[in-house]
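# Per-entry structural report
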Amino acid sequence: MNNGASRRLLLLRRVLAGGPAPAFDQLCRVTAEVTGTTGASIVLLERGVVTGLLASSDAVASQLEALEHLLGEGPAVDAHEQGAVVQAELGSDEPRYNAYEHQAVSLGVATVAAFPMRVGLVRPGVVCTYRDTPGALEPDQVSDGAIMAELAAQSVLLAQTEASPGQLAHELEIGADLHAIVHQAAGMVAVQLEIPLTLALVRLRAHAFGSDQPLRNVAEAVVDRRLRFDDDADEV
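Residues numbered from 1 in each chain as written. Predicted model: local features only at pLDDT ≥ 70, side-chain atom pairs only at ≥ 80, totals over all residues. Heavy atoms only, no water.

Quick look at the side chain of Gln-141 now. Among the structural elements, Gln-141 can be located in helix α6 (residues 139–160). Reaching out from Gln-141, the side chain makes a polar contact with the side chain of Arg-131 at a distance of 3.2 Å. In contact with Gln-141, other than residues within four places in its own chain, are Val-34, Thr-35, Gly-36 and Arg-131. (Helix = DSSP H or I, 4+ residues; strand = E, 2+ residues; numbered from the N terminus. Polar contact = N/O pair within 3.5 Å; in protein donor to acceptor, adjacent residues only side chain to side chain. Contact = heavy atoms within 4.5 Å.)

Before going further, it helps to examine the state of the cysteines. Applying the stated criterion to the full structure yields zero disulfides. Cysteine Cys-28 shares no disulfide, and the gap to the nearest cysteine sulfur, in Cys-128, comes to 9.6 Å. On the basis of relative accessibility, which here comes to 11%, the residue Cys-128 falls in the buried class. (Disulfide = S-S within 2.5 Å. Buried < 20%, exposed > 50% of the residue type's maximum accessible area, 1.4 Å probe, protein only.)

So, on to the nonpolar core. Membership of the largest hydrophobic core comes to 25 residues, with the highest contact counts inside it found for Phe-24, Leu-27, Ile-42, Met-117 and Met-148. For this core, the elements supplying multiple residues, two or more each, are α1 (3–16), α2 (23–35), β1 (39–46), β2 (49–56), β4 (111–119) and α6. Looking at which element gives the most residues to this core, the answer is α6, with seven residues. In contact with Leu-27, not counting residues within four places along its chain, are Val-15, Ile-42, Met-148, Leu-151, Ala-152 and Ser-155. Judged by nonpolar contacts, the second largest core, of 23 residues, contains Ala-61, Val-109, Val-126 and Cys-128. (Core = buried A, V, L, I, M, F, W, Y, C linked by side-chain atoms within 4.5 Å.)

It is worth spelling out the pairing of strand β3 (residues 86–89) at this point. Burial along β3 is one-sided: the residues Val-86 and Ala-88 are buried and none of Gln-87 and Glu-89 is. The pairing of β3 with β4 spans four bridges and is classified as antiparallel. If you follow Gln-87 over to β4, its bridge partner there is Ala-113. (Pairing = 2+ DSSP bridges.)

This is the structure:
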């Protein structure tokens, strides 16, 4: 057995030995441990868009995912689009992600790293890590992060094999907020403004960010018809 396979087996055993917690929660915990980071999350993406949070090690990791879904930018989005590990030091004079960095730094985040999940041609999402202190990951930590992302991808596909054709696996549906209401609201805004769905989602995000509200709250207001985007005041 080569070194890579041996390390993969060792990390898998650490996940399985973690006790009664759900497997995806254990994956996040072990990922943070082996990469020497403060926390980790498993983020689902489709076509470069964050569709939900599958699991996270702590509240800050969850909030970072929510930021990427709200703003449409961040390390998870880039790692998924590029198919490569993305590391970023936050709080510099020339920010890589303008709005995302400002919000992430306010949460106490200093560095982030995102590892694309992949099994063959299937890319279900990204494993993200963050640190509350500056400093890039060491090469062996990057290697371990990549292995954890591979294990996470395999776990997602394994869970999905239990689902009926065309349906999302129950474990994934329960563990992930798929933001379906956001996409429903985007469809309504697209009709109201007669614009493409992608632009409608941008308008939703901009409104949420500008009014300092969670994106889900804005989407719920649209779906409940308490908020319209074809009205000058954005209110019914």
